[in-house]
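# Reading the structure
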Amino acid sequence: MGLFDRFKDYRKQRDERKISKSLAVIKNSKAIKEDRQAAIEYFKGLDDPHVAVPALLQRFEYSLEHGINDTREKESCMEGIIAFGEPALPHVREHLLTTNRIAWPIKTLKALGKEDQVIEILKSALDFNDVRFDQAKVDKNYDILCYMIDYKLPGFASQLVHFLADPDERVRFAATEVLIEQDDPLVPPALERFIGDESPDNTRIRRSVIEAFLKHSWQLKELERYPNGNVVGPLFVSKDGRLEVRS
């Protein structure tokens, strides 16, 4: 091996040690603040997004007791990720698929991506498996559904219906709120059953569904459930199958 090759090999090993050491610092909530800030700046100064972005994303995995410092560090990491532009997107997507702490990654994603990219990544991050015994995954589904309320999701309503049967009321409610915002004929029949649901577990959902049926004049299909036309209190079903409030 020539002198130049030995020098290149030395530089590579030195850089790998620096990367490894800086990554350990950025992942350590107990590290000295100045050391962690220096590690963040180190990764922000790299020109390789495949090294820098995954490292900077690790800072979103924990929160410091000192809220101001925590926010400043996360904002600095987000700034560094955004600076890489499009090449950072696959890494943010991959991180969102695995992490349960999604607030800052989604904020970063929104700053990086176009709306259609954001929507597709949010869809792929939802977990449709039985996660009732994994509270972190339940919370993640809930958080993602809350973000989805801001978007139209053509063709996705049939998949969102899955979450109407979730054991967690928050997830059911968030899914209901997302579905109500969609322009899809599948939505009214999927939500109609909640109109007559008097269980305490679905009180919020029932209220939102009733408001949606009144607002959009959606027609009910299961009229036999209300033989005298009365739903509850002043709420009735009209002859053409729409909800109306009577004095």
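Below: a short report on this structure.

About the cut-offs
Residues numbered from 1 in each chain as written. Predicted model: local features only at pLDDT ≥ 70, side-chain atom pairs only at ≥ 80, totals over all residues. Heavy atoms only, no water. Phe/Tyr/Trp six-rings, centres within 6.5 Å; stacked < 30°, edge-to-face > 60°. Helix = DSSP H or I, 4+ residues; strand = E, 2+ residues; numbered from the N terminus. Buried < 20%, exposed > 50% of the residue type's maximum accessible area, 1.4 Å probe, protein only. 1 Å grid on protein atoms, 1.4 Å probe; cavity = no way out; pocket = protein on both sides within 12 Å on 5 of 7 lines; lining within 4 Å. Points joined across faces, edges and corners; volume = space filled by probe spheres on them. Core = buried A, V, L, I, M, F, W, Y, C linked by side-chain atoms within 4.5 Å. Contact = heavy atoms within 4.5 Å. Salt bridge = Lys/Arg side-chain N within 4 Å of Asp/Glu carboxyl O. Polar contact = N/O pair within 3.5 Å; in protein donor to acceptor, adjacent residues only side chain to side chain.

The next point concerns the packing of aromatic side chains. Inspection of every chain in the model, using the stated rule, returns five aromatic pairs. Their ring planes at 85° and their centres at 6.5 Å tell us that Phe128 and Phe156 sit as a pair that is edge-to-face. With Phe128 in the loop between helix 7 (115-125) and helix 8 (135-148) and Phe156 in the loop between helix 8 and helix 9 (157-160), this residue pair connects regions lying 28 residues apart in the sequence. On the accessibility criterion, Phe156 (4% relative accessible area) is buried. Between the aromatic rings of Phe128 and Phe163, the centroid separation amounts to 5.0 Å while the plane-to-plane angle is 45°, which identifies the pairing as tilted. With Phe128 in the loop between helix 7 and helix 8 and Phe163 in the loop between helix 9 and helix 10 (169-180), this pair connects stretches of sequence that are 35 residues apart. Judged by its relative accessible area of 30%, Phe128 is partly exposed. Overall, the relative accessible area of 1% leaves Phe163 in the buried class.

For the largest pocket, the calculated volume is near 220 Å³. Forming the walls of the largest pocket are 13 residues, and the residues nearest its centre are Ile180, Glu181, Ala212, Lys215 and His216. When contributions to the lining of the largest pocket are tallied by element, the ones reaching two or more residues are helix 10 and helix 12 (203-216). Looking at the lining of the largest pocket element by element, the count peaks at five residues for helix 12.

This part takes up the nonpolar core. A general trend in soluble globular proteins is that nonpolar side chains are found buried together. Counting residues in each nonpolar core, the largest one holds 68 residues, and the members touching the most others are Ile81, Leu145, Met148, Leu160, Leu191, Ile195 and Leu243. Considering every element that reaches this core, the biggest residue donor is helix 10, with seven residues. Ile195 has contacts with Arg206, Val209, Ile210, Phe213, Leu220, Tyr226, Val231 and Leu243, leaving out every residue within four places of it along the chain.

Now for the pattern of salt bridges. Inspection of the entire model under this criterion finds 15 salt bridges. Of the charged contacts in the structure, one is a salt bridge between Lys44 and Glu79, with a shortest N-O distance of 2.7 Å. Taken together, the positions of Lys44 in helix 2 (residues 33-45) and Glu79 in helix 4 (residues 67-83) put the pair 35 residues apart, joining distant regions of the chain. The class of Lys44 is partly exposed, set by a relative accessible area of 21%. Residue Arg170 is joined to Asp168 by a salt bridge in which the shortest nitrogen-to-oxygen separation is 3.1 Å.

What follows concerns unusual backbone geometry. Its identity as a non-glycine residue notwithstanding, Ser217 has a phi of 55°, on the positive side. Along the chain, Ser217 falls in the loop between helix 12 and strand 1 (230-232). Given the relative accessible area of 38%, Ser217 is considered partly exposed.

Turning to the environment of Gln219, a few remarks are in order. Relative to the helices and strands, Gln219 is located in the loop between helix 12 and strand 1. As a C-alpha pair, Gln219 and Leu243 span 24 residues in sequence and 7.6 Å in three-dimensional space. In this view, Gln219 contacts Glu192, Phe213, Asp240, Gly241 and Arg242; residues no more than four positions away in its chain are not counted. From its side chain, Gln219 meets the backbone oxygen of Asp240 in a polar contact 2.7 Å long.

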